[in-house]
Amino acid sequence: MNKCRYITALALAAILVCSLFPYSTAEASPEKTGEEAVLAEYEEYYERLMSIENQSGIGENGFRVVEDQIFALEPDEEDSILMVPAFDERYNRLALFIVDTDGVILYRTEQLATNHCVTGRMRQPIQDIAAVSFQDLNRDGRTDIILITSCVNESGAYAGKTYKVGDVLFQNKTDCSFYRDYRISDKINRFGMNKSAKSITAFVRDGNSTEFLYTATTLRELQRNKFRIIQEQCYFRSFGKLGRLQVTPGTYRIADYDIFMIYLVNEQGDIVSVLQPMGEYDNLYALKGVTCRDIDGDGLKDIVILARYSYEGEAGELIVESDYRIYYQRTGGFVPDTEIRDTYRCGDEDTMEILVEKARAYWGWQTTND
């Protein structure tokens, strides 16, 4: 494949790749529109990327080097090559450079999951590097790279909300080049294993996976895969036309994290609905309560979850916060609240009754008749 065709192929991949993350609307160039505009932008960007021959040329070609995330791939070796990450200042796209001790570029790539958060557009969300780890993930004796970015969309339905994107680059056996298996990246991000390097390692190296949490169809399948039910908060409730369902909260442990999910299961053991109250937190620290009450005054039982979650701070410290989720019952299932949490953030002193009272007040009613 000649150079022109290769650039075009990469550009079309950037246009057509399916998004796995919250996205915002694509922007069109005033001179060109659609794929033609993105292709022209990508060709200019790719030429700049490929023209870089040494570490000093990264900044000269419009890339911002993330200085505090430059690491030696083999820290115990005095002449170890370096991984140098840099964001393109025009498009927010991340590139990784592998650099030798003389500053010569040995390898570069921008084919990363984080560069496909927004489909059909060159410009990507505001990004920072959340974590980098070097490990032998496929047990071939070569050092591989785990990369996690923290992203915030500038516009769209998820504007201002932070989410993580994970990726793995495997080192080739013969040189300092790397390759990426998009199927692994897809599962890491689609099934929530992108929160930490430990979770990615548990999946890629050790074969543990949260995939079943999202694909299981029966309670038996969940339990067969070591999903642990929180028995004290597990009970049956009648949900109108949805029938009598068992509210089934529980956790699955991967690495050092308890992934929290709630399933609504019918009397035959089939999963009717799945709730994911943990959001972008890393770990369930403690479940404070699950209640089924009419919150919005439509006569249907809604679900309120109050819990304490933990996550890793910017300095690597453990942070624990109380948070809640509300799911409103609708004809076909349950939909998450998108309003109340933006106006009221709970604290450690809040109880379930306080939350229910405040949520009902938001909708303008106070009745206790459930």
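This one's a predicted model, so the numbers in the text were calculated from it and none came from an experiment.

Chemist: Explain the overall build of the protein to me, please; I cannot follow it from the model alone.
Modeler: When helices and strands are tallied, the protein shows 9 helices and 18 strands. Partitioning the intrachain contacts of the protein with sequence separation of at least 6 by distance along the chain shows that 52% fall at a separation of at least 24. On the protein, roughly 18100 Å² of surface is accessible, and the fraction owed to carbon and sulfur atoms is 47%.

Chemist: How should I be thinking about unusual backbone geometry in this particular structure?
Modeler: Leaving glycine out, the prevailing phi sign among residues is negative, and the prevailing peptide bond configuration is trans. In this structure, arginine 139 is a non-glycine residue whose phi angle is positive, near 55 degrees. Mapped onto the elements of the fold, arginine 139 is located in the loop between β6 (126-135) and β7 (144-152). Positive phi, close to 75 degrees, is recorded for lysine 226, a residue that is not glycine. Secondary-structure assignment places lysine 226 in the loop between α7 (219-224) and β10 (228-229). A relative accessible area of 64% means that lysine 226 is categorised as exposed.

Chemist: Got a minute to help me understand the pattern of salt bridges in this structure?
Modeler: Oppositely charged side chains can form a pair if their charged atoms are brought close together. By the definition in use, this model includes 23 salt bridges. Where arginine 90 meets glutamate 44, a salt bridge forms, and the shortest distance between an N and an O atom there is 3.1 Å. On the criterion of sequence distance, the pair formed by arginine 90 in the loop between β3 (82-88) and β4 (94-99) and glutamate 44 in helix α2 (residues 34-51) is long-range, its members being 46 residues apart. Take arginine 90: its relative accessible area is 48%, and that puts it in the partly exposed class. Close ionic contact of aspartate 206 with arginine 205 constitutes a salt bridge, the shortest N to O distance being 2.9 Å. On the accessibility criterion, aspartate 206 (38% relative accessible area) is partly exposed.

Chemist: Can you walk me through the side chain of aspartate 181 in this structure?
Modeler: Tracing the sequence through the fold places aspartate 181 in the loop between β9 (178-179) and α4 (182-190). For aspartate 181, a relative accessible area of 19% puts it in the buried group. In this structure the side chain of aspartate 181 is engaged in a polar contact, spanning 2.9 Å, whose partner is the backbone nitrogen of arginine 183.

Chemist: Any chance you could explain the sheet that holds strand β16 (residues 302-312) here in plain terms?
Modeler: Pairing between sheet strands relies on hydrogen bonds along the backbone, with the strands arranged either parallel or antiparallel. Pairing in this open sheet of 4 strands is antiparallel, and the strands run β15-β16-β17-β18 from one edge to the other. The open sheet terminates on both sides in strands that have one partner only, identified here as β15 (283-293) and β18 (333-336). Each strand of the sheet is rotated relative to its neighbour by a mean of 25 degrees, with strand direction disregarded. Taken together, the 4 bridges between strand β17 (residues 318-330) and β18 define a ladder with antiparallel strand orientation. Paired with arginine 330 across the bridge in β18 is glycine 333. The strands touched by helix α9 (residues 352-362) are β15, β16 and β17; relative to β15, the strand with the most contacts, the crossing angle is about 55 degrees.

Chemist: Looking at this structure, how should I read the environment of isoleucine 105?
Modeler: Residue position: isoleucine 105 is located in strand β5 (residues 105-109). A C-alpha to C-alpha distance of 7.6 Å links isoleucine 105 and isoleucine 52, two positions 53 residues apart in sequence. If we ignore the near neighbours within four places in the chain, the residues touching isoleucine 105 are Ile52, Glu53, Asn54, Gln55, Ile58, Phe97, Ile98 and Val99.

Chemist: Just checking my understanding: could you explain the pairing of β5 for this structure?
Modeler: Every regular strand shows the same layout, with side chains that alternate between the two sheet faces. When you tally the buried positions in β5, you get 4 out of 5 residues, the bulk of the element. Counting the residues in the hairpin turn of β4 and β5 gives 5 residues, including glycine 103, whose phi is positive at 85 degrees.

Chemist: Explanation requested: α4 in the structure shown.
Modeler: Residues lying three or four places apart along an α-helix face the same way, a consequence of the helix completing one turn every 3.6 residues. For α4, the set of buried residues is Ile184, Ser185, Asp186, Ile188 and Asn189. Buried residues along α4 sit against β8 (162-171) and α5 (197-204). N-capping of α4 is provided by aspartate 181, with a side-chain oxygen placed 2.9 Å from the backbone N of arginine 183. Glycine 192 sits one or two positions beyond α4 and adopts a positive phi of about 70 degrees.

Conventions we followed
Residues numbered from 1 in each chain as written. Predicted model: local features only at pLDDT ≥ 70, side-chain atom pairs only at ≥ 80, totals over all residues. Heavy atoms only, no water. Helix = DSSP H or I, 4+ residues; strand = E, 2+ residues; numbered from the N terminus. Contact = heavy atoms within 4.5 Å. Areas by Shrake-Rupley, 256 points an atom, 1.4 Å probe, with all protein chains shown as cover. Buried < 20%, exposed > 50% of the residue type's maximum accessible area, 1.4 Å probe, protein only. Salt bridge = Lys/Arg side-chain N within 4 Å of Asp/Glu carboxyl O. Polar contact = N/O pair within 3.5 Å; in protein donor to acceptor, adjacent residues only side chain to side chain. Pairing = 2+ DSSP bridges. Axes fitted to C-alpha atoms, helices over the stretch in contact; angles between N-to-C directions.

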